[in-house]
Amino acid sequence: MIDKLEDVERRFERLTADLSNPDVLADSARLQKVSKERAGIEKLVETFRTYRQVLADLKEVEAWLESGGPDEKSYAREALPGLKEQRDALEANLKVLLLPKDPNDDKNVILEIRAGAGGDEAALFAEEVMQMYLRYADTKGWKSDIIDMSPGNAGGVKDATVTLSGDAVFSNLKYESGVHRVQRVPATETQGRIHTSTITVAVMPEAEEVDVKINEADIDRQAMRSTGSGGQSVNTTDSAVRLTHRPTGIVVKCQQEKSQLKNYNMALRMLRAKIYEIEQERIRSERDSTRRSQVGTGDRSEKIRTYNFPQDRLTDHRIGLTVHNLPAVMTGDIEEIITACRTYYQAEALKAQTGGGPRSQPEA
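Cut-offs and rules
- Residues numbered from 1 in each chain as written.
- Predicted model: local features only at pLDDT ≥ 70, side-chain atom pairs only at ≥ 80, totals over all residues.
- Heavy atoms only, no water.
- pLDDT = per-residue confidence, 0-100.
- Contact = heavy atoms within 4.5 Å.
- Helix = DSSP H or I, 4+ residues; strand = E, 2+ residues; numbered from the N terminus.
- Buried < 20%, exposed > 50% of the residue type's maximum accessible area, 1.4 Å probe, protein only.
- Polar contact = N/O pair within 3.5 Å; in protein donor to acceptor, adjacent residues only side chain to side chain.
- Pairing = 2+ DSSP bridges.
- Axes fitted to C-alpha atoms, helices over the stretch in contact; angles between N-to-C directions.
- Phe/Tyr/Trp six-rings, centres within 6.5 Å; stacked < 30°, edge-to-face > 60°.
- Parallel < 35°, antiparallel > 145°, perpendicular 65-115°, else oblique.
- Left-handed = near helix turned anticlockwise from the far one by under 90°.
- Nonpolar A, V, L, I, M, F, W, Y, C, P; charged D, E, K, R; others polar.
- Expected span 1.5 Å × (residues − 1).
- Bend = angle between axes of the 7 residues up to and from the residue.
- Salt bridge = Lys/Arg side-chain N within 4 Å of Asp/Glu carboxyl O.

Summarising the model, the protein shows a mean pLDDT of 82, and 86% of its residues fall at 70 or more. Low pLDDT (under 50) marks residues 287-301, which in the prediction has 35 contacts with non-local residues, meaning those over four places away or in another chain. Low pLDDT, under 50, characterises residues 357-362; the predicted model gives this stretch 19 contacts beyond four residues in sequence or across chains.

All right, on to the side chain of D105 then. One can find D105 in the loop between α4 (70-97) and β1 (109-115). Taking the relative accessible area as the measure of exposure, D105 reaches 5% and is therefore buried. A distance of 2.9 Å separates the side chain of D105 from the side chain of K174, its partner in a polar contact.

Moving on, we come to the sheet that holds strand β8 (residues 250-254). Strands sit in the order β6-β7-β8 across an open sheet of three strands; the sheet is antiparallel. Each having just a single partner strand, β6 (219-224) and β8 make up the two edges of the open sheet. Each strand axis lies, on average, 15° off the axis of its neighbour in the sheet, ignoring direction. One ladder, built from five bridges, connects strand β7 (residues 240-245) with β8; its direction is antiparallel.

Here the structure, examined in full by the defined rule, presents five aromatic pairs. Summarising the aromatic geometry, the rings of Y344 and Y345 are spaced 5.0 Å apart at their centres and angled 85° between planes, so their arrangement reads as edge-to-face. With relative accessibility at 22%, the residue Y344 sits in the partly exposed group. Assessed through its relative accessible area of 0%, Y345 is described here as buried. An aromatic cluster of at least three residues, connected via ring pairs, comprises Y175, Y344 and Y345.

Sheet analysis places β6 next to β7, joined by six bridges and oriented antiparallel. The residue bridging A223 from the neighbouring strand is V241, located in β7. Remark: four residues form the turn of the hairpin made by β7 and β8, two consecutive strands paired antiparallel; G249 in that turn has positive phi of roughly 80°.

Here we take up the packing of helix α1 (residues 2-18) against helix α3 (residues 28-67). Two elements in contact, α1 and α3, have axes separated by 9 Å at closest approach and are oriented at 135°. One way to sum up the angle between α1 and α3 is to call them oblique. Judged by the sense of rotation from one axis to the other, the crossing of α1 with α3 is left-handed. Between α1 and α3, the residues in contact are I2, L5, E6, V8, E9, R11, F12, E13, L15, T16 and D18 and V34, E37, R38, I41, E42, L44, V45, F48, R49, Y51 and R52, respectively. Taken together, the residues that form the contact of α1 with α3 break down as 11 nonpolar, one polar and 10 charged.

Glancing now at α3. With 40 residues, α3 should reach 58 Å at 1.5 Å per residue; the first-to-last C-alpha distance of 57 Å fits that figure. For α3, the principal kink sits at E42 and spans about 40°. If you follow the buried residues of α3, they end up packed against α1, α2 (22-25) and α4. The N-capping residue of α3, defined by a side-chain oxygen 3.3 Å from the backbone nitrogen of A29, is D27.

Right, let's get into the sheet that holds strand β4 (residues 178-184). Read across the sheet, eight strands follow the order β2-β3-β1-β5-β4-β9-β10-β11 without closing on themselves; strand pairing throughout is mixed. Only two strands of the sheet have a single partner each, and these edge strands are β2 (143-151) and β11 (321-324). Taken over all neighbouring pairs, the strand axes of this sheet differ in orientation by 15° on average, direction set aside. Bridging between β1 and strand β5 (residues 195-205) involves seven bridges; their strand directions are antiparallel.

On to the packing of α3 against α4. Put simply, α3 and α4 touch, their axes get as near as 8 Å, and they point 155° apart. Of the possible angle classes, the one that applies to α3 and α4 is roughly antiparallel. Two packed elements cross with a definite hand, and for α3 against α4 that hand is left-handed. Looking at the contact of α3 with α4 residue by residue, the classes come out as 17 nonpolar, four polar and 10 charged.

Moving on, we get to the pattern of salt bridges. A side chain with one charge may pair with a side chain of the opposite charge, provided their charged atoms come close. For the structure on display, the rule yields 20 salt bridges. For the salt bridge of K274 with E112, the shortest nitrogen-to-oxygen distance reads 2.7 Å. Of this pair, K274 sits in helix α7 (residues 260-287) while E112 sits in strand β1, placing them 162 residues apart in sequence. For K143, the salt bridge is made with D145, and the minimal N-O distance between the two is 2.4 Å. Three or more residues joined by partner-sharing salt bridges are found here, namely E9, E13, R49 and R52.

This part takes up helix α5 (residues 120-140). For an α-helix the count is 3.6 residues per turn, leaving residues at separations of three or four pointing the same way. For α5, which comprises 21 residues, the first-to-last C-alpha distance of 31 Å matches the rise-based estimate of 30 Å (1.5 Å per residue) to within 8%. Along α5, the residues that are buried comprise E121, A122, A123, F125, A126, V129, M130, M132, Y133, L134, Y136 and A137. In the stretch just after α5, G141 is the one whose phi turns positive, near 80°.

Structural data, given as structure tokens:
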């Protein structure tokens, strides 16, 4: 591990020198690439340098314990446990930081939420979950835009598409994909019976043009009247856009903007993300033929979480996590859940890397 860390440190020093190179400074694209790569390994290098200093301190203290004077031995006995604890913590942190980085972690996200089984109740819950993520995005300082939404028959939403932009959005939300189940007494229930409904959440990294090339000749474009509440002419002109990508059969729709051109460009972003997700799934499947069936891959058919309102309990079935205070959760207080999922999969990835894991896991 030390050899690998020293290689990373040398790379970091070369990148730091490049930031003062006039040729790099004159090339904005190269400067951005160098800055991004350096930032990506800076925490690892800083942690390694601290770890190396602790090892040196530990070696010195152990030497005092062996051959030092009375005062030195006394100090060594006091300092030794703390230094060993610090060493072990830093070593564990370094192992996590050395895990292969998911190339999508820094990407923005296109979030799709759809009502599933449960009719009107599913649509109501779909809107609540959408608002939960929007409020969480606010706490993270992310920018959010609802770019398409179909209302439910009795309120809520049948489906909604949201873009989330900011720092490490996909890294935080990538384990949210799957089926979310709600158990509660709907407002329309007269007998007081608990109903079970489901919604699906899809978290897709937003692809750049360099990630996915789309031939516009492969796209069928249709302009139409926006639906739902609009205002400011949104639903009084043919500004909404539906795109059909013939090679894949993917259909996307955007009706949020008054401008048809803006809706078209947003729809292209959605289409690019969906095609990118398909390609990423193909790569994952080739790398590990069992990947699709593993926990946390984002399979839409997989129940990942239950929100039980009568018992004020949220359960994440993949990691065995149970938390209470659903009112707070539904207002966006989900950092504990996000962190628990990320920590769990990092631990599983470490097991897999050292041969101690029972199965392969998504990138941490």
